[in-house]
Amino acid sequence: MASDNPNLSEVKQPVMASTSHVVTAIVPARNEEAVVAACIESLARQPEIVQILVVNDQSSDATADVVRGCMKETPNLRLLEAGPLPDGWVGKNHALWVGVPQATSPWLLFTDADAQHCPNSVARALQIAHEQQAALVSFSPEQISHNWYEKALVPFVYLRLAKKFSYDQVNDPKSPIAAANGQFLLIRRDTYDGIGGHRGVAGEVLEDVAISLRVKQAGHRIWFGSGKGLVRTRMYTSFSAMWEGWRKNLYRLIGGTPWTVVREMESSLPWIPFVLILLGVKFPFLLFLGVLFLVARQTIYELDLARNHYPFSYLYYYVPAAFLYVGVLWASYRSHVRGRIAWKGREYSIGAPESVR
(Lines give C-alpha, C1' and ligand atoms only; values in the text may rest on other atoms or scores of the structure.)
Protein backbone atom coordinates (compact mmCIF):
# COMPACT_ATOMS: atom_id res chain seq x y z
CA MET A 1 0.00 0.00 0.00
CA ALA A 2 1.30 3.22 -1.01
CA SER A 3 1.79 6.75 -2.07
CA ASP A 4 -0.48 8.15 -4.77
CA ASN A 5 2.05 8.56 -7.58
CA PRO A 6 4.78 5.92 -7.52
CA ASN A 7 7.23 6.05 -10.41
CA LEU A 8 7.12 2.52 -11.76
CA SER A 9 10.23 2.97 -13.91
CA GLU A 10 12.38 3.62 -10.85
CA VAL A 11 11.61 0.36 -9.07
CA LYS A 12 14.72 -1.82 -8.71
CA GLN A 13 14.81 -5.31 -10.17
CA PRO A 14 14.84 -8.17 -7.64
CA VAL A 15 18.14 -9.71 -6.74
CA MET A 16 16.99 -13.07 -8.10
CA ALA A 17 14.21 -13.74 -10.56
CA SER A 18 12.85 -17.13 -11.57
CA THR A 19 13.19 -16.82 -15.33
CA SER A 20 12.85 -20.57 -15.83
CA HIS A 21 9.10 -20.41 -15.26
CA VAL A 22 6.52 -19.10 -17.70
CA VAL A 23 3.24 -17.40 -16.90
CA THR A 24 -0.10 -16.83 -18.58
CA ALA A 25 -1.85 -13.62 -17.53
CA ILE A 26 -5.66 -13.70 -17.62
CA VAL A 27 -7.57 -10.41 -17.43
CA PRO A 28 -11.38 -10.28 -17.06
CA ALA A 29 -12.71 -7.12 -18.70
CA ARG A 30 -16.23 -5.73 -18.45
CA ASN A 31 -16.53 -2.13 -19.68
CA GLU A 32 -12.85 -1.35 -19.09
CA GLU A 33 -12.08 0.72 -22.21
CA ALA A 34 -10.43 3.48 -20.14
CA VAL A 35 -7.89 1.29 -18.36
CA VAL A 36 -7.35 -2.01 -20.16
CA ALA A 37 -4.66 -0.73 -22.55
CA ALA A 38 -2.43 0.43 -19.68
CA CYS A 39 -2.85 -2.94 -17.99
CA ILE A 40 -1.91 -4.82 -21.17
CA GLU A 41 1.12 -2.60 -21.75
CA SER A 42 2.36 -3.23 -18.21
CA LEU A 43 1.89 -6.99 -18.60
CA ALA A 44 3.68 -6.98 -21.94
CA ARG A 45 6.81 -5.65 -20.19
CA GLN A 46 7.06 -8.81 -18.10
CA PRO A 47 9.47 -11.25 -19.81
CA GLU A 48 8.07 -14.13 -17.75
CA ILE A 49 4.60 -13.70 -19.30
CA VAL A 50 4.27 -15.70 -22.52
CA GLN A 51 0.52 -15.23 -22.93
CA ILE A 52 -1.88 -12.39 -22.18
CA LEU A 53 -5.52 -13.45 -22.39
CA VAL A 54 -8.12 -10.71 -22.07
CA VAL A 55 -11.64 -12.09 -21.61
CA ASN A 56 -14.31 -9.66 -22.74
CA ASP A 57 -17.22 -10.11 -20.36
CA GLN A 58 -20.13 -8.81 -22.46
CA SER A 59 -18.83 -5.24 -22.46
CA SER A 60 -21.15 -2.57 -23.79
CA ASP A 61 -18.33 -0.08 -24.44
CA ALA A 62 -15.24 -0.20 -26.69
CA THR A 63 -13.24 -2.61 -24.49
CA ALA A 64 -12.93 -5.23 -27.25
CA ASP A 65 -11.85 -2.63 -29.83
CA VAL A 66 -9.17 -1.28 -27.48
CA VAL A 67 -7.81 -4.80 -26.94
CA ARG A 68 -7.78 -5.48 -30.69
CA GLY A 69 -5.80 -2.28 -31.15
CA CYS A 70 -3.25 -3.45 -28.58
CA MET A 71 -2.87 -6.79 -30.38
CA LYS A 72 -1.04 -5.03 -33.23
CA GLU A 73 1.93 -4.33 -30.94
CA THR A 74 1.56 -7.23 -28.51
CA PRO A 75 1.87 -10.53 -30.40
CA ASN A 76 1.24 -12.71 -27.33
CA LEU A 77 -2.10 -11.00 -26.63
CA ARG A 78 -5.41 -12.71 -27.37
CA LEU A 79 -8.99 -11.53 -26.99
CA LEU A 80 -11.54 -14.08 -25.81
CA GLU A 81 -15.30 -13.71 -25.38
CA ALA A 82 -16.89 -14.84 -22.12
CA GLY A 83 -20.33 -15.31 -23.66
CA PRO A 84 -23.57 -15.39 -21.67
CA LEU A 85 -23.26 -15.68 -17.89
CA PRO A 86 -24.43 -19.11 -16.68
CA ASP A 87 -26.71 -19.44 -13.68
CA GLY A 88 -24.88 -19.54 -10.36
CA TRP A 89 -21.78 -17.71 -11.60
CA VAL A 90 -20.38 -14.29 -10.70
CA GLY A 91 -19.29 -12.56 -13.91
CA LYS A 92 -15.59 -12.18 -13.05
CA ASN A 93 -15.29 -15.81 -11.98
CA HIS A 94 -16.85 -17.04 -15.21
CA ALA A 95 -14.63 -14.81 -17.37
CA LEU A 96 -11.49 -16.17 -15.68
CA TRP A 97 -12.78 -19.74 -16.00
CA VAL A 98 -13.26 -19.18 -19.75
CA GLY A 99 -9.68 -17.99 -20.08
CA VAL A 100 -7.93 -20.81 -18.20
CA PRO A 101 -8.42 -23.58 -20.84
CA GLN A 102 -6.54 -21.42 -23.35
CA ALA A 103 -3.53 -21.04 -21.04
CA THR A 104 -0.40 -23.03 -21.89
CA SER A 105 1.75 -22.10 -18.89
CA PRO A 106 2.50 -23.82 -15.56
CA TRP A 107 1.69 -20.56 -13.73
CA LEU A 108 -1.50 -18.47 -14.02
CA LEU A 109 -1.66 -14.78 -13.15
CA PHE A 110 -5.16 -13.47 -12.51
CA THR A 111 -5.20 -9.68 -12.58
CA ASP A 112 -7.80 -6.94 -13.01
CA ALA A 113 -8.01 -4.62 -16.00
CA ASP A 114 -7.37 -1.58 -13.80
CA ALA A 115 -4.09 -2.93 -12.42
CA GLN A 116 -0.72 -1.59 -13.61
CA HIS A 117 2.33 -3.78 -13.13
CA CYS A 118 5.93 -2.74 -12.57
CA PRO A 119 8.39 -4.44 -14.93
CA ASN A 120 9.51 -6.79 -12.15
CA SER A 121 6.20 -7.71 -10.51
CA VAL A 122 5.92 -11.22 -11.97
CA ALA A 123 9.63 -11.95 -11.47
CA ARG A 124 9.32 -10.95 -7.84
CA ALA A 125 6.23 -13.12 -7.36
CA LEU A 126 8.00 -16.13 -8.87
CA GLN A 127 11.01 -15.45 -6.69
CA ILE A 128 8.79 -15.46 -3.58
CA ALA A 129 7.08 -18.64 -4.73
CA HIS A 130 10.48 -20.33 -5.09
CA GLU A 131 11.84 -19.07 -1.76
CA GLN A 132 8.67 -19.81 0.22
CA GLN A 133 7.70 -22.97 -1.67
CA ALA A 134 4.33 -21.32 -2.22
CA ALA A 135 1.72 -22.49 -4.72
CA LEU A 136 -0.05 -19.12 -4.58
CA VAL A 137 1.45 -15.63 -4.33
CA SER A 138 -0.70 -12.51 -4.12
CA PHE A 139 0.08 -8.82 -3.75
CA SER A 140 -2.15 -6.14 -2.26
CA PRO A 141 -1.65 -3.32 -4.78
CA GLU A 142 -0.68 0.26 -4.07
CA GLN A 143 -3.86 2.32 -4.11
CA ILE A 144 -3.98 5.42 -6.31
CA SER A 145 -6.39 8.01 -4.93
CA HIS A 146 -7.38 11.37 -6.41
CA ASN A 147 -10.68 12.42 -4.83
CA TRP A 148 -11.24 13.11 -1.15
CA TYR A 149 -13.64 10.20 -0.71
CA GLU A 150 -11.04 7.77 -2.11
CA LYS A 151 -8.39 9.12 0.25
CA ALA A 152 -10.84 8.75 3.12
CA LEU A 153 -12.55 5.40 2.64
CA VAL A 154 -10.07 3.19 0.74
CA PRO A 155 -7.20 3.43 3.28
CA PHE A 156 -9.61 3.12 6.18
CA VAL A 157 -11.05 -0.10 4.79
CA TYR A 158 -7.63 -1.59 4.13
CA LEU A 159 -6.41 -0.72 7.61
CA ARG A 160 -9.45 -2.41 9.14
CA LEU A 161 -8.92 -5.49 6.99
CA ALA A 162 -5.24 -5.60 7.94
CA LYS A 163 -6.33 -6.25 11.52
CA LYS A 164 -8.34 -9.26 10.37
CA PHE A 165 -6.01 -10.62 7.68
CA SER A 166 -2.49 -9.91 8.87
CA TYR A 167 0.21 -10.99 6.42
CA ASP A 168 1.98 -13.00 9.12
CA GLN A 169 -1.12 -15.03 9.92
CA VAL A 170 -2.04 -15.57 6.28
CA ASN A 171 1.49 -16.76 5.44
CA ASP A 172 1.70 -19.06 8.45
CA PRO A 173 0.89 -22.60 7.25
CA LYS A 174 -0.30 -23.46 10.76
CA SER A 175 -2.89 -20.67 10.79
CA PRO A 176 -6.33 -21.32 9.26
CA ILE A 177 -6.54 -17.71 8.07
CA ALA A 178 -6.22 -17.26 4.30
CA ALA A 179 -6.47 -14.23 2.03
CA ALA A 180 -5.45 -12.99 -1.38
CA ASN A 181 -6.15 -10.05 -3.68
CA GLY A 182 -7.63 -10.78 -7.08
CA GLN A 183 -5.88 -7.78 -8.58
CA PHE A 184 -2.67 -9.84 -8.47
CA LEU A 185 -3.04 -13.56 -7.84
CA LEU A 186 -0.34 -15.90 -9.16
CA ILE A 187 -1.07 -19.61 -8.80
CA ARG A 188 0.41 -22.85 -10.06
CA ARG A 189 -1.77 -24.38 -12.77
CA ASP A 190 -1.72 -27.85 -11.20
CA THR A 191 -2.76 -26.42 -7.83
CA TYR A 192 -5.53 -24.39 -9.49
CA ASP A 193 -6.86 -27.49 -11.25
CA GLY A 194 -6.55 -29.53 -8.07
CA ILE A 195 -8.89 -27.25 -6.09
CA GLY A 196 -11.47 -27.10 -8.88
CA GLY A 197 -10.48 -23.69 -10.22
CA HIS A 198 -13.08 -20.96 -10.43
CA ARG A 199 -15.82 -23.53 -10.94
CA GLY A 200 -15.37 -24.38 -7.27
CA VAL A 201 -16.03 -20.75 -6.28
CA ALA A 202 -18.43 -19.90 -9.10
CA GLY A 203 -20.90 -17.93 -7.00
CA GLU A 204 -18.42 -16.40 -4.56
CA VAL A 205 -18.26 -12.61 -4.47
CA LEU A 206 -14.86 -12.81 -2.73
CA GLU A 207 -13.39 -15.35 -5.12
CA ASP A 208 -9.80 -14.42 -4.29
CA VAL A 209 -10.23 -15.14 -0.57
CA ALA A 210 -12.18 -18.32 -1.36
CA ILE A 211 -9.44 -19.61 -3.69
CA SER A 212 -6.68 -18.85 -1.18
CA LEU A 213 -8.63 -20.72 1.51
CA ARG A 214 -9.05 -23.74 -0.75
CA VAL A 215 -5.35 -23.74 -1.61
CA LYS A 216 -4.36 -23.58 2.05
CA GLN A 217 -6.85 -26.25 3.09
CA ALA A 218 -5.44 -28.52 0.37
CA GLY A 219 -2.08 -28.39 2.15
CA HIS A 220 -0.28 -25.90 -0.10
CA ARG A 221 1.57 -22.83 1.10
CA ILE A 222 0.30 -19.37 0.21
CA TRP A 223 2.06 -16.02 0.44
CA PHE A 224 0.27 -12.67 0.64
CA GLY A 225 1.99 -9.33 1.04
CA SER A 226 2.24 -5.69 0.11
CA GLY A 227 2.49 -4.81 -3.56
CA LYS A 228 4.31 -1.54 -2.90
CA GLY A 229 6.55 -0.85 -5.89
CA LEU A 230 5.19 -3.88 -7.76
CA VAL A 231 1.58 -3.26 -8.78
CA ARG A 232 -0.79 -0.36 -8.38
CA THR A 233 -4.42 0.40 -9.12
CA ARG A 234 -7.09 3.02 -8.83
CA MET A 235 -10.01 0.87 -7.80
CA TYR A 236 -12.82 3.40 -8.23
CA THR A 237 -13.10 6.59 -10.25
CA SER A 238 -16.43 7.78 -8.87
CA PHE A 239 -18.18 7.85 -5.51
CA SER A 240 -21.02 5.65 -6.77
CA ALA A 241 -18.62 2.98 -8.06
CA MET A 242 -16.68 3.06 -4.79
CA TRP A 243 -19.86 2.70 -2.75
CA GLU A 244 -21.17 -0.14 -4.91
CA GLY A 245 -17.83 -1.97 -4.79
CA TRP A 246 -17.45 -1.93 -1.02
CA ARG A 247 -21.17 -2.58 -0.52
CA LYS A 248 -20.65 -5.78 -2.53
CA ASN A 249 -17.62 -6.99 -0.56
CA LEU A 250 -17.35 -5.46 2.88
CA TYR A 251 -19.92 -7.47 4.85
CA ARG A 252 -18.28 -10.78 3.98
CA LEU A 253 -14.78 -9.42 4.33
CA ILE A 254 -15.31 -8.43 7.95
CA GLY A 255 -16.85 -11.76 8.88
CA GLY A 256 -20.31 -12.00 7.36
CA THR A 257 -22.38 -12.03 10.57
CA PRO A 258 -24.56 -9.38 12.24
CA TRP A 259 -22.34 -9.54 15.33
CA THR A 260 -19.20 -8.66 13.34
CA VAL A 261 -21.07 -5.67 11.89
CA VAL A 262 -21.98 -4.43 15.37
CA ARG A 263 -18.43 -4.98 16.61
CA GLU A 264 -16.91 -3.18 13.62
CA MET A 265 -19.21 -0.20 14.00
CA GLU A 266 -18.53 0.04 17.72
CA SER A 267 -14.74 -0.16 17.34
CA SER A 268 -14.28 1.96 14.22
CA LEU A 269 -16.56 4.93 14.97
CA PRO A 270 -15.17 7.49 17.48
CA TRP A 271 -18.49 7.63 19.30
CA ILE A 272 -17.08 8.33 22.79
CA PRO A 273 -15.26 11.53 21.71
CA PHE A 274 -18.38 12.75 19.92
CA VAL A 275 -20.65 12.07 22.89
CA LEU A 276 -18.25 13.98 25.13
CA ILE A 277 -18.07 16.86 22.65
CA LEU A 278 -21.88 17.07 22.54
CA LEU A 279 -22.09 17.02 26.32
CA GLY A 280 -19.39 19.68 26.32
CA VAL A 281 -21.96 22.22 25.18
CA LYS A 282 -23.12 22.22 28.80
CA PHE A 283 -19.96 21.01 30.54
CA PRO A 284 -16.81 22.63 29.05
CA PHE A 285 -14.47 20.11 30.67
CA LEU A 286 -16.17 17.29 28.75
CA LEU A 287 -15.64 19.26 25.53
CA PHE A 288 -11.92 19.40 26.26
CA LEU A 289 -11.89 15.70 27.11
CA GLY A 290 -13.77 14.80 23.94
CA VAL A 291 -11.35 16.73 21.74
CA LEU A 292 -8.45 15.08 23.55
CA PHE A 293 -9.87 11.60 22.92
CA LEU A 294 -10.51 12.44 19.27
CA VAL A 295 -6.92 13.61 18.81
CA ALA A 296 -5.76 10.35 20.40
CA ARG A 297 -7.86 8.33 17.94
CA GLN A 298 -6.45 10.35 15.04
CA THR A 299 -2.91 9.77 16.27
CA ILE A 300 -3.47 6.01 16.36
CA TYR A 301 -4.88 6.24 12.82
CA GLU A 302 -1.84 8.20 11.64
CA LEU A 303 0.49 5.51 13.02
CA ASP A 304 -1.50 2.86 11.15
CA LEU A 305 -1.28 4.92 7.96
CA ALA A 306 2.49 5.24 8.34
CA ARG A 307 2.94 1.51 8.92
CA ASN A 308 1.04 0.82 5.71
CA HIS A 309 2.89 3.46 3.66
CA TYR A 310 -0.01 5.87 3.18
CA PRO A 311 0.64 9.65 3.01
CA PHE A 312 0.50 11.59 6.28
CA SER A 313 -2.10 13.93 4.76
CA TYR A 314 -4.70 11.13 4.84
CA LEU A 315 -4.86 11.70 8.59
CA TYR A 316 -7.12 14.70 7.98
CA TYR A 317 -9.77 12.45 6.42
CA TYR A 318 -10.11 10.35 9.56
CA VAL A 319 -13.53 11.58 10.72
CA PRO A 320 -15.29 11.39 7.31
CA ALA A 321 -13.52 8.06 6.71
CA ALA A 322 -14.97 6.56 9.88
CA PHE A 323 -18.50 7.66 9.00
CA LEU A 324 -18.18 6.52 5.37
CA TYR A 325 -16.92 3.15 6.59
CA VAL A 326 -19.82 2.65 8.97
CA GLY A 327 -22.27 3.78 6.29
CA VAL A 328 -21.04 1.43 3.57
CA LEU A 329 -20.71 -1.44 6.05
CA TRP A 330 -24.35 -1.00 7.00
CA ALA A 331 -25.32 -0.82 3.31
CA SER A 332 -23.33 -4.00 2.64
CA TYR A 333 -25.04 -5.76 5.53
CA ARG A 334 -28.47 -4.69 4.26
CA SER A 335 -27.70 -5.89 0.72
CA HIS A 336 -26.60 -9.30 1.95
CA VAL A 337 -29.57 -9.62 4.29
CA ARG A 338 -31.87 -8.97 1.32
CA GLY A 339 -29.92 -11.59 -0.60
CA ARG A 340 -29.07 -9.40 -3.59
CA ILE A 341 -26.00 -7.43 -4.60
CA ALA A 342 -25.28 -5.35 -7.68
CA TRP A 343 -22.02 -4.96 -9.55
CA LYS A 344 -21.17 -3.60 -13.01
CA GLY A 345 -24.70 -3.65 -14.30
CA ARG A 346 -25.55 -7.11 -12.99
CA GLU A 347 -27.53 -8.17 -9.96
CA TYR A 348 -26.69 -11.38 -8.12
CA SER A 349 -28.79 -13.45 -5.77
CA ILE A 350 -26.57 -14.30 -2.80
CA GLY A 351 -26.68 -17.92 -1.82
CA ALA A 352 -29.16 -18.79 -4.55
CA PRO A 353 -28.34 -20.98 -7.55
CA GLU A 354 -29.37 -18.37 -10.02
CA SER A 355 -27.78 -15.14 -11.23
CA VAL A 356 -30.14 -12.39 -12.29
CA ARG A 357 -28.67 -10.28 -15.07
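### Observations concerning the overall build of the protein chain
Part 1 of the reasoning: Each helix and strand in the protein chain was counted, giving 13 helices and 13 strands.
Part 2 of the reasoning: Taking 21 Å as the expected radius of gyration for a compact globule of 357 residues, we find that the protein chain reaches 21 Å, a close match to that expectation.
Part 3 of the reasoning: The C-alpha extent of the protein chain, read off along each of the three principal axes, is 70 × 50 × 40 Å.
Part 4 of the reasoning: Considering only contacts within the protein chain whose residues lie at least 6 apart along the sequence, 79% involve residues at least 24 apart.

### Brief notes about the side chain of Lys216
Part 1 of the reasoning: Within the secondary structure, Lys216 is located in helix H8 (residues 207-217).
Part 2 of the reasoning: Within the structure, the side chain of Lys216 is placed 2.8 Å from the backbone oxygen of Val170, a separation counted as a polar contact.
Part 3 of the reasoning: There is a polar contact of 2.8 Å between the side chain of Lys216 and the backbone oxygen of Ser175.
Part 4 of the reasoning: When near neighbours in sequence (up to four residues on either side) are disregarded, Lys216 contacts Gln169, Val170, Asp172, Pro173, Ser175, Ile177, Ala178 and Ile222.

### Digging into a nonpolar patch on the surface
Part 1 of the reasoning: Together, Trp271, Ile272, Val275, Leu279, Phe283, Phe285, Phe288, Leu292 and Phe293 make up a nonpolar patch on the protein surface, roughly 890 Å² of accessible area in all.
Part 2 of the reasoning: Going through the elements one at a time, helix H11 (271-279) and helix H12 (284-307) are the ones with two or more residues in the nonpolar patch.
Part 3 of the reasoning: Here Phe285 shows up in helix H12.
Part 4 of the reasoning: Judged by its relative accessible area of 57%, Phe285 is exposed.

### Brief notes about helix H1 (residues 36-44)
Part 1 of the reasoning: For H1, the full list of buried residues reads Val36, Cys39, Ile40, Ser42 and Leu43. One side of H1 carries all its buried residues, which in axial view fall inside an arc of 165 degrees.
Part 2 of the reasoning: The secondary structure elements touched by the buried residues of H1 are strand S1 (23-29), strand S2 (49-56), helix H2 (63-71), strand S3 (77-81), strand S4 (107-110) and strand S5 (115-117).

### Focus: the nonpolar core
Part 1 of the reasoning: With 64 residues, the main nonpolar core has Phe110, Ile187 and Trp246 as its most contacted residues.
Part 2 of the reasoning: In terms of nonpolar packing, the next biggest core, distinct from the first, is built from 33 residues, Val23, Ala29, Ala113 and Trp223 among them.

### A short note on the confidence of the model for the protein chain
Part 1 of the reasoning: Overall, the prediction assigns the protein chain a mean pLDDT of 87, with 92% of residues at 70 or greater.
Part 2 of the reasoning: Segment residues 352-357: pLDDT under 50, and 21 contacts once partners within four positions in sequence are set aside and those in other chains are kept.

### Topic: the pairing of strand S12 (residues 346-349)
Part 1 of the reasoning: Bridge count between strand S11 (residues 340-343) and S12: four bridges; the pairing is antiparallel. Paired with Ile341 across the bridge in S12 is Tyr348.
Part 2 of the reasoning: Taking the residues that link successive antiparallel strands as the turn, the S11-S12 hairpin has two residues, and the phi of Lys344 there is positive, at about 50 degrees.

### Let's talk about the sheet that holds S2
Part 1 of the reasoning: Read from one edge to the other, the open sheet built from seven strands follows the order S3-S2-S1-S4-S8-S6-S9, with strand pairing classed as mixed. Of all the strands in the sheet, the pair left with one neighbour each is S3 and strand S9 (221-226). Sheet twist, expressed as the average angle between the axes of neighbouring strands with direction ignored, equals 20 degrees.
Part 2 of the reasoning: Relative to S2, S1 runs parallel, the two sharing seven bridges. Each residue of the ladder has a partner; that of Ala25, found in S2, is Ile52.
Part 3 of the reasoning: Sitting on the sheet, H1 is in contact with S1, S2, S3 and S4, with an inclination near 165 degrees to S2.
Part 4 of the reasoning: Sheet contacts for H2: S1, S2 and S3; angle to S3, the most-contacted strand, approximately 155 degrees.

Cut-offs used in this document
Residues numbered from 1 in each chain as written. Predicted model: local features only at pLDDT ≥ 70, side-chain atom pairs only at ≥ 80, totals over all residues. Heavy atoms only, no water. Helix = DSSP H or I, 4+ residues; strand = E, 2+ residues; numbered from the N terminus. Rg over C-alpha atoms; globule rule 2.2 N^0.38 Å. Contact = heavy atoms within 4.5 Å. Polar contact = N/O pair within 3.5 Å; in protein donor to acceptor, adjacent residues only side chain to side chain. Patch = residues over 30% accessible without salt bridge, like charges linked within 9 Å, V, L, I, M, F, W, Y side chains within 5 Å. Areas by Shrake-Rupley, 256 points an atom, 1.4 Å probe, with all protein chains shown as cover. Salt bridge = Lys/Arg side-chain N within 4 Å of Asp/Glu carboxyl O. Buried < 20%, exposed > 50% of the residue type's maximum accessible area, 1.4 Å probe, protein only. Arc of directions from axis to C-beta. Core = buried A, V, L, I, M, F, W, Y, C linked by side-chain atoms within 4.5 Å. pLDDT = per-residue confidence, 0-100. Pairing = 2+ DSSP bridges. Axes fitted to C-alpha atoms, helices over the stretch in contact; angles between N-to-C directions.

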